[in-house]
Amino acid sequence: MKILSSWLREYIPGLTATDRQLADDLTLRGIAVEGVFDLGANGPLFEMDITTNRVDAMNHYGIAREAAIIYGLKLVPLSASLNELSSRAEAERSEAAVEGPAFPVNIEEPTLCGRFTARVLRNVKIQPSTGIVAERFRLLEQKPISNAVDATNYCTLAIGQPTHVFDLDKLVGGIIVRRARKGEKLRTLDGIERTLDPEDLVVADEKRPHGIAGVMGGWDSMITAETKNVLIEAAWFDTITVRLSSKRHLLHTDASHRFERGADFNAPPVASALVSRILLEAGGHQAGPLTDVLISEAEARTAKRPAIAFSLGEVKRILGPTEDPEGITAATAETILTGLGCALAKDGHGSSPHKPGPAPSLDPSRAVSIESAEMSTSDSQSYNVTLPSWRLDLEREIDLVEEIARVYGYNRFRNTLPAFAGAVVELPHAEKESSVRRTLLALGWTEAISSTFCAAADAALFAPQPNSAVPMGNPLSEEAGMLRPSLLPGMLSMLALNLNRDVEDAALFEMGTVFGGGPERVDERPALAIGAAGHALTESDVTFYDVKGTIEELLGEFSSRSFYFDNLQLPAWLHPGRSARATLDGATVAWFGQLHPAEAERRKLKQTVLVGEIYLDRLYKQKLRQPVVRELSRFQPVRRDFSLLFPNSTTWAAIEDKLRALDIPELRSFAPKEILRDAKSIPAGHFSLLLGVVFQSQERTLREEELQQFSRAIIAVMESIGGKLRV
Amino acid sequence: MSEHVSEQVLGDIPHLSGYSEAELDQAFAAISREVEASSAALSTSEAVEAFRLQWLGRKQGRLKAISDAWLKSAPVEAKKLIGQRFNTLKAEIEQRLERAGTSTGTSALDAEALASEKIDITLPGTRRRLGAEHPLIKTQNELLAIFARMGYSVSIGPEVETDYYNFESLNFPPGHPARDTQDTLVIANQDRKPLRDRLLMRTHTSPVQIRTMEQQPPPLRIVIPGKVHRNDAADATHSPMFHQLEGLCVDTNITFADLKGTLDHAMKELYGSSDRTRFFPSFFPFTEPSADVQISCPFCGGSGCRKCKHSGWIELLGCGMVDPSVFEFVRLKQPAYDPKKISGFAFGMGIDRITMMKYGITDISLMFSGDLRFLEQFA
C-alpha cells in the first residue's frame with residue numbers, strides 16, 4: 001500500500017520528525033514501511049506492508065493515528081459535515097436544515113448490514129478530478145476516472161471507509177439491502193454479467209440489485225458523463241458476508257478487502273461527508289437530510305461493544321522485564337491505551353466497576369481519558385477498557401497487552417532465558433535415521449529431495465498396494481496430481497535429469513514420507529529410495545550387486561540377523577531377472593534391482609539404472625545392532641581354497657545353506673572368491689567356483705587330520721548339490 | 001677406596017685412576033676423545049659399520065669391554081656413577097652414527113635404487129567418491145543441535161493434516177482472511193466431511209504444537225522440523241514445498257523477554273556471538289503479541305551489503321507469545337494448559353532460507369532437483 005508522507009502530515013500538524021525517522025518509528029511499531037521513495041518536492045512515498053489484522057491502518061488517517069500515538073501528538077479530527085470546518089453541533093444543525101424528504105433505505109438483513117447511510121446530491125457536475133485529488137492520485141499512481149468515482153477512492157485512501165456513488169436517476173424507488181434472489185443477474189462495474197447466489201447480500205432498488213454489498217457496484221447505475229443526480233452510499237457490512245461473496249465471485253476489491261477485515265462502524269457519516277464535499281466542489285447541492293439507518297444490535301457488537309477487563313499484572317506476566325528497571329508503569333499503560341482510543345475506567349477495590357463512558361468515535365478528541373490525578377502506580381491495577389470502534393481486532397485482554405508491548409517498543413524488553421528442569425528427549429527413530437543416512441553417505445550415495453507429488457500413472461505403477469494412492473483436490477500441475485505412494489517416481493526424475501545433463505555417474509538417495517490410504521484417511525510412512533547409474537559407486541558400471549551390497553549394509557546395521565533375499569512377486573517396475581526382495585523377520589523391507597527395460601525406455605533412459613525402495617517403517621521396528629566384542633583367537637587361521645564345478649542351476653544360497661548346515665565351529669568364514677562362466681575350460685551349462693574357506697579355533701592350533709576331515713565334509717556336501725571338485 | 005683399583009691394564013682398556021666424580025669424568029673424557037678420533041672418517045657406509053662394530057659390537061665392542069672391566073672392579077657406590085657415564089657415552093656414539101648415516105646415505109647403490117622409485121607427489125590423491133548430505137539436512141541438524149543444547153526435544157507430525165490442526169486450533173477461524181495468506185493444497189474429495197476433518201497439506205509445522213501439547217502437559221520445550229506445502233507460484237526464492245523449524249516453550253511465567261532472550265541466544269549460536277537481533281510487531285493468528293525478528297547481517301556484520309539490501313539487517317524469524325485461544329483449544333484435551341496459569345512462546349523459521357543464505361544458493365528449486373552438479377558441492 002502506498003502512503004504519502006505529506007498527506008499523513010496534514011492530519012498531524014505538530015509532526016516534526018523527519019520522513020526517515022517517521023518510517024523507522026512506524027516500522028518498529030508494526031506499521032511496516034518497506035520502502036521510502038523520494039518524490040522530490042512532493043515529499044516521499046512510503047511503500048507499506050500492513051498486517052492483515054490492522055485494517056484500521058490501511059489508509060492515511062489510520063497511519064497518522066499511529067504516528068500521533070508514537071509522538072504524543074494531536075490528530076486533526078474528521079468532520080461529518082459538508083462544511084469541513086464546522087463543529088459537530090453545527091453539522092448536525094445544518095443536516096437537519098436540509099430541505100426535502102429523506103431518501104428511503106430499508107435493511108432487510110440487519111445481521112449482515114449494520115448501518116447504511118444514503119445522501120442525495122443533485123445537479124452535480126461529472127468531470128475529471130482537479131486539485132488535491134488529482135494531484136494525490138498522480139503521486140499514488142491511482143487511475144483517475146471521474147470526480148465522483150475518484151471521490152470514493154480518495155475516501156478509501158484517506159480514511160479506509162469504502163463508499164459507492166449511484167446514478168440516482170437509474171434507481172427505481174428507495175434502497176433495499178437484501179439477499180439476492182435465486183438466479184438473479186447483475187452486471188458489475190467490471191462489465192461482467194454475474195448470476196447471483198441467494199447467499200449474496202445485494203444493494204438493490206425496488207426492482208433489481210445494483211451492487212454486491214461491500215464488494216462491487218452495478219454497471220447499470222454507474223456514474224457516466226450524463227449523470228446529474230447521485231446517491232452516495234456509505235455503509236457497514238458484516239465481515240463474513242462480504243468475504244463469502246468476494247470468494248464466490250472471485251472479486252477481490254479494495255472495498256471487500258476492508259469490509260471482510262472489519263470496518264469502522266462509526267465511519268459511514270464521516271465518509272459520506274468527505275465524498276460529498278469533493279463532489280460538490282464541482283457544483284450541485286444536497287437534497288434531503290442524510291439517511292442513516294443504524295441497527296443497534298450491530299452497533300452493540302462493534303462500536304458499543306462491552307468494556308473488557310484489563311490488569312497491569314497480566315502485562316508483567318506475559319511480557320516480562322524491560323531494560324528500564326521501572327518497567328511498564330500504570331501511567332505508561334494508561335497513556336498508550338488512551339492514545340489508541342480506548343477509554344479506561346479503574347476497577348475499584350471491591351466496588352462495582354465504573355460504567356465506561358460512551359464509545360469513542362473516529363475522532364480521538366472524543367475519547368474519554370482519565371484524569372492524571374487518578375493514575376495508579378500499583379502493579380496489579382485493573383481497568384475496564386472501552387474499545388475504539390475502528391479496532392475490531394481488539395477483543396480481549398491479551399490484545400491490549402500486545403498493544404502495550406507494540407507501542408512501548410519490543411526492543412525495550414530485556415533478553416532473558418527461562419529456567420528449565422526438563423530433559424531433552426530424542427525422537428524414537430532419530431538415531432536409526434542418522435545411522436542409515438551415515439551409512440549411505442559413507443558408501444558414496446548423495447542425498448536428494450524431490451517433490452511430494454507425482455503423476456497418476458506413476459502413482460499407479462509404484463504404489464505398494466493397488467488403488468492406495470491419494471489424489472489432490474487442487475494439484476499444482478497434472479504431473480503433481482497425486483501424493484507420492486513411493487519415492488521412486490521422484491528418484492527416476494532426478495536420475496533422468498542428471499543423465500540428460502551429461503552427469504553420467506549418479507548415485508542418489510532420498511529419505512522422505514510416502515503416502516497411502518485414500519481421501520478418507522491418509523497414511524504416512526517413512527521410506528528410502530536409492531537410484532544409481534554409471535560409475536558412481538565403483539570404477540565400473542553399477543550392478544545389481546552394488547545395490548545389494550548397500551542394502552546388506554543397511555540391514556546389517558539393525559539387530560535382526562534373520563534377513564534373506566528372494567525374487568518372488570517382483571513389482572512390475574523391476575527387471576524380472578535382475579531384481580530382488582529383501583525380507584526381514586518375515587516382512588518385505590526392500591525391493592531393488594535393475595529398472596525394467598520397458599520402464600527405462602518409457603522414460604527415455606538409455607543407461608542401465610538400478611533402483612531400490614526400502615520401507616523404513618519396517619526397518620525401524622528393529623533395534624540398532626549393538627556390537628558385542630568377540631574374543632580374538634590366539635591361534636593361527638588356516639585358509640583353504642576349493643575349486644568346484646556346479647551346474648548353472650545351483651545358487652550361491654544353496655551352497656551357503658549347505659556350508660552353514662555343516663555346523664563346524666572352526667569354520668570361521670567362507671566366500672566365493674571367483675566365479676567363471678562361459679570359459680573354454682568349463683563345460684556348457686556349468687560354472688566354476690573358487691570357494692575360499694578360513695578355519696580357526698578359539699582353543700588350539702588345528703591339526704592336519706582335523707583340517708582334512710573338515711575339507712572332506714565340505715566336498716561331500718558340495719557334491720550333494722551337484723558340485724564337483726576340479727582337479 | 002682407591003686401594004682396590006687394579007693397576008692392571010687389560011689389553012687396551014684405559015686406566016682408571018680412581019672413583020671420585022672428577023677422576024671418572026677425566027677417564028670418560030679420554031674415551032670420548034678416542035671416539036671422536038675414530039669417527040673422523042665416516043664417509044662410506046662400510047666405515048660407518050666398522051665404527052659401529054668397533055664401539056657398540058655386541059661381542060667385541062670396545063664400549064662393552066671397558067664397561068665390563070671397570071664395573072667389575074668398581075666399588076658398589078661407584079657403579080651407578082660409572083653406569084650413568086657409560087649411558088651418556090653410548091648416546092654420544094649413537095648420535096655420531098646417526099649423523100654419519102644421514103650424511104652418507106646408506107650406500108650409493110641404495111640411494112640410486114630409491115631415486116628410481118620416485119613418484120610425482122603433486123598428482124591428485126586417489127579419492128573415493130563420498131556421498132553428500134543434503135544442505136537442508138545439514139542446516140536442520142545444526143539448528144536441532146543448537147536447540148537441544150537449550151533443552152528442546154524434537155517433535156514431528158504428519159504432512160497431511162486436518163483443517164482443525166492446521167487452521168482452526170491455531171486460531172484461524174473458518175472464513176478468516178488470515179487463511180488467505182496460506183494458500184492451501186487440499187486432498188481431493190473432502191467436501192462431504194465437516195470442515196474441521198477435511199484433509200490438506202499442512203501449510204506450516206505449527207499443527208505439531210497442538211498435537212504435542214495435547215499429548216504432554218507443561219512444561220514443554222520442543223522444536224519441530226518438517227516439510228510444508230503451499231499453493232504458491234514457484235520462483236527463485238519460493239517453492240510450493242519448503243521446510244520449517246518451529247519451536248514451542250510452555251511453562252509457568254514464560255515471558256516475551258524469555259522469547260527475545262531465547263532467539264537472541266540461538267541466533268548467536270548460529271551466526272556467532274557478535275550477531276544481534278531486533279524485534280518488530282507482526283501478526284500471526286496463533287501468537288499474541290507476535291513479532292518478526294531481524295538479525296544483524298551475518299555477511300557484512302551490519303554495515304550494509306548487497307545481501308541485506310544495504311540495511312544491515314536480515315529478516316529471519318516469526319514468533320510470538322502463544323495466543324490464549326490456542327491454549328483453550330488444547331485444553332479440550334489437556335486441561336493443564338490453562339492460559340491463566342501458564343504462558344508460552346512459539347517461533348518459526350524457514351530452513352530453506354537459512355540454508356540458501358548460508359551457502360549462497362540463489363535458486364530454491366536447485367535444492368529439490370536432485371542435480372548432482374549442485375549436490376556434490378556439499379560432499
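Bear in mind that the values here come from a model prediction, so they are computed numbers and not experimental data.

**Things to note about the overall build of chain A**
Turning to step 1, where the next piece is worked out: When helices and strands are counted, chain A shows 21 helices and 31 strands.
Turning to step 2, where the next piece is worked out: Here the C-alpha radius of gyration of chain A, 40 Å, is well above what a compact globule of 727 residues would show, namely 27 Å.
Turning to step 3, where the next piece is worked out: Counting only C-alpha atoms and orienting by the principal axes, one finds that chain A spans roughly 130 × 65 × 50 Å.
Turning to step 4, where the next piece is worked out: Of the contacts formed within chain A by residues at least 6 apart in sequence, a portion of 71% connects residues at least 24 apart.

**Side note on the overall build of chain B**
Turning to step 1, where the next piece is worked out: Broken down by element type, chain B carries twelve helices and nine strands.
Turning to step 2, where the next piece is worked out: Expected size for 379 residues packed as a compact globule is a radius of gyration near 21 Å; at 40 Å, chain B overshoots this value by more than 25%.
Turning to step 3, where the next piece is worked out: Dimensions of chain B, computed from C-alpha atoms along their principal axes, come out at roughly 120 × 55 × 45 Å.
Turning to step 4, where the next piece is worked out: Restricting the contact set of chain B to residue pairs at least 6 apart, pairs at least 24 apart contribute 67%.

**Observations regarding the interface of chain B and chain A**
Turning to step 1, where the next piece is worked out: In this assembly, 70 residues from chain B lie in contact with 68 residues from chain A.
Turning to step 2, where the next piece is worked out: Mapped onto the side of chain B that touches chain A, the elements with two or more residues apiece are α6 (135-149), β1 (153-154), β4 (220-229), β5 (241-251), α9 (256-271), β6 (277-284), β7 (287-296) and α12 (372-375) of chain B.
Turning to step 3, where the next piece is worked out: Broken down by element, the side of chain B that touches chain A gets its largest block of residues, eight residues, from α9 of chain B.
Turning to step 4, where the next piece is worked out: Residue composition of the side of chain B that touches chain A, grouped by class: 36 nonpolar, 18 polar and 16 charged.

**Points about the pairing of strand β10 (residues 201-204) of chain A**
All names here are of chain A.
Turning to step 1, where the next piece is worked out: On β10, burial covers both faces: L201 and V203 on one face and V202 and A204 on the other are all buried.
Turning to step 2, where the next piece is worked out: The pairing of strand β7 (residues 175-179) with β10 spans four bridges and is classified as antiparallel. Bridge assignment links R179 to a residue of β10, and that residue is L201.
Turning to step 3, where the next piece is worked out: Judged from the two bridges that link them, β10 and strand β11 (residues 209-212) form a sheet pairing that is antiparallel. In the strand pairing of β11, V202 is matched with I212.
Turning to step 4, where the next piece is worked out: Turn length for the β10-β11 hairpin, with the two strands adjacent in sequence and antiparallel, is four residues.

**Description of helix α14 (residues 430-442) of chain A**
Residue and element names in this part refer to chain A.
Turning to step 1, where the next piece is worked out: The end-to-end C-alpha distance of α14, which contains 13 residues, comes to 18 Å, matching closely the 18 Å that a straight helix rising 1.5 Å per residue would cover.
Turning to step 2, where the next piece is worked out: Residues of α14 that are buried: K432, V436, R437 and L440. Taken down its axis, α14 places every buried residue within 130° of arc, on the same side. Of the residues in α14, the exposed ones pointing more than 90 degrees away from the buried face are E431, S434 and A442.
Turning to step 3, where the next piece is worked out: Here the buried face of α14 lies against β22 (506-517), β23 (522-533) and α17 (544-556).
Turning to step 4, where the next piece is worked out: Where α14 terminates, the next one or two residues include G444, which has phi positive at roughly 100°.

**Points about the domain arrangement of chain A**
Turning to step 1, where the next piece is worked out: Its domain assignment divides chain A into domain 1 (2-71), domain 2 (88-301), domain 3 (308-411), domain 4 (430-619) and domain 5 (638-725).
Turning to step 2, where the next piece is worked out: Between domain 4 of chain A and domain 5 of chain A, the C-alpha centre-to-centre distance is 35 Å.

**Details of the confidence of the model for chain B**
Turning to step 1, where the next piece is worked out: Averaged over every residue, the pLDDT of chain B is 88; residues scoring 70 or more account for 95%.
Turning to step 2, where the next piece is worked out: With pLDDT under 50 throughout, residues 1-11 of chain B is counted as low confidence; its partners more than four residues away or in other chains account for eleven contacts.

**Regarding the confidence of the model for chain A**
Residue and element names in this part refer to chain A.
Turning to step 1, where the next piece is worked out: Within chain A, residue pLDDT values average 91, and 94% of them lie at 70 or more.
Turning to step 2, where the next piece is worked out: Between the elements of chain A, mean pLDDT differs from a low of 62, seen in helix α4 (residues 88-97), to a high of 98, seen in strand β18 (residues 446-447).
Turning to step 3, where the next piece is worked out: Of the regions scoring below 50 in pLDDT, residues 350-377 engages in 54 contacts with residues more than four places distant in sequence or in other chains.

**Description of the packing of helix α11 (residues 312-319) of chain A against helix α13 (residues 397-408) of chain A**
All names here are of chain A.
Turning to step 1, where the next piece is worked out: In the contact formed by α11 and α13, the axes pass within 10 Å of each other and the chain directions differ by 70°. In terms of orientation, α11 and α13 fall into the roughly perpendicular class. Crossing hand, α11 versus α13: right-handed. From α11, E314, V315, I318 and L319 reach across to α13, where they touch E397, V401, I404 and A405.

**Re the domain arrangement of chain B**
Turning to step 1, where the next piece is worked out: Splitting chain B by domain gives domain 1 (2-116) and domain 2 (135-378).
Turning to step 2, where the next piece is worked out: A straight line from the C-alpha centre of domain 1 of chain B to that of domain 2 of chain B covers 79 Å.

**Some points on the sheet that holds strand β3 (residues 45-49) of chain A**
Residue and element names in this part refer to chain A.
Turning to step 1, where the next piece is worked out: With antiparallel pairing, the three strands of this open sheet are ordered in space as β1-β3-β2. The open sheet has two free edges, formed respectively by β1 (2-4) and β2 (32-37), since each of these has just one partner strand. Across the sheet, the mean angle separating the axes of adjacent strands is 35° when strand polarity is ignored.
Turning to step 2, where the next piece is worked out: Strand direction decides the pairing type here: β1 and β3, joined by three bridges, are antiparallel.

**Quick word on the pairing of β5 of chain B**
It is a general feature of regular strands that their side chains alternate between the two faces of the sheet.
All names here are of chain B.
Turning to step 1, where the next piece is worked out: With ten of its eleven residues buried, β5 lies for the most part within the structure.
Turning to step 2, where the next piece is worked out: Note: β4 against β5, ten bridges, orientation antiparallel. Along β5, the bridge assignment pairs P225 with L245.
Turning to step 3, where the next piece is worked out: As paired elements, β5 and strand β9 (residues 343-350) share eight bridges and run antiparallel to each other. Following the sheet pairing, Q244 is matched in β9 by G350.

**Observations regarding helix α6 (residues 147-159) of chain A**
Structural remark: α-helix, 3.6 residues per turn; residues separated by three or four positions point the same way.
Residue and element names in this part refer to chain A.
Turning to step 1, where the next piece is worked out: Across its 13 residues, α6 extends 18 Å between first and last C-alpha, which sits within 8% of the 18 Å expected from 1.5 Å per residue.
Turning to step 2, where the next piece is worked out: Within α6, twelve of the 13 residues are buried, leaving the element largely enclosed by the surrounding structure.
Turning to step 3, where the next piece is worked out: Each element contacted by the buried residues of α6 is listed here: α3 (60-71), α5 (131-140), β6 (163-167), β13 (230-237), α8 (254-259) and α9 (268-280).
Turning to step 4, where the next piece is worked out: Looking one or two residues beyond α6, the residue adopting positive phi is G160, at roughly 80°.

**Focus: the sheet that holds β6 of chain B**
All names here are of chain B.
Turning to step 1, where the next piece is worked out: Reading across from one edge, β1-β4-β5-β9-β8-β7-β6 is the order of the seven strands in this open sheet, with mixed pairing throughout. Looking at the sheet topology across the chains shown, the edges are occupied by β1 and β6.
Turning to step 2, where the next piece is worked out: Note that β7 and strand β8 (residues 313-322) share eight bridges and pair antiparallel. Looking at β8, one finds that D292 is bridged to G318.
Turning to step 3, where the next piece is worked out: Contacting β4, β5 and β9, helix α8 (residues 207-215) runs over the sheet at an angle of about 140° to β4.

**Section: unusual backbone geometry**
Turning to step 1, where the next piece is worked out: In the segment running from P218 of chain B into P219 of chain B, the intervening peptide bond is cis, with an omega of 5°.
Turning to step 2, where the next piece is worked out: Among the structural elements, P219 of chain B can be located in the loop between α8 and β4.
Turning to step 3, where the next piece is worked out: The step from E288 of chain B to P289 of chain B runs through a cis peptide bond, and the omega angle for that step is -5°.
Turning to step 4, where the next piece is worked out: Mapped onto the secondary structure, P289 of chain B falls in strand β7.
Turning to step 5, where the next piece is worked out: In this structure, D502 of chain A is a non-glycine residue whose phi angle is positive, near 65°.
Turning to step 6, where the next piece is worked out: Assessed through the 7 C-beta atoms surrounding it within 10 Å, D502 of chain A is described here as exposed.
Turning to step 7, where the next piece is worked out: Residues other than glycine seldom take positive phi values, yet Q569 of chain A does so here, at roughly 45°.
Turning to step 8, where the next piece is worked out: Mapped onto the secondary structure, Q569 of chain A falls in the loop between β24 (563-566) and β25 (574-584).

**Focus: the environment of R196 of chain B**
All names here are of chain B.
Turning to step 1, where the next piece is worked out: Secondary-structure assignment places R196 in the loop between α7 (163-166) and β3 (199-201).
Turning to step 2, where the next piece is worked out: We classify R196 as partly exposed; it has 13 C-beta atoms within 10 Å.
Turning to step 3, where the next piece is worked out: Note: C-alpha distance between R196 and S169 (27 residues apart in sequence) is 9.4 Å.

Cut-offs and rules
Residues numbered from 1 in each chain as written. Chains lettered and ligands numbered in written order. Predicted model: local features only at pLDDT ≥ 70, side-chain atom pairs only at ≥ 80, totals over all residues. Helix = DSSP H or I, 4+ residues; strand = E, 2+ residues; numbered from the N terminus. Rg over C-alpha atoms; globule rule 2.2 N^0.38 Å. Contact = placed C-beta atoms within 7 Å. Nonpolar A, V, L, I, M, F, W, Y, C, P; charged D, E, K, R; others polar. Buried ≥ 20, exposed ≤ 12 C-beta atoms within 10 Å, placed from the backbone. Pairing = 2+ DSSP bridges. Expected span 1.5 Å × (residues − 1). Arc of directions from axis to C-beta. Domains from an automatic or database assignment. pLDDT = per-residue confidence, 0-100. Axes fitted to C-alpha atoms, helices over the stretch in contact; angles between N-to-C directions. Parallel < 35°, antiparallel > 145°, perpendicular 65-115°, else oblique. Left-handed = near helix turned anticlockwise from the far one by under 90°.

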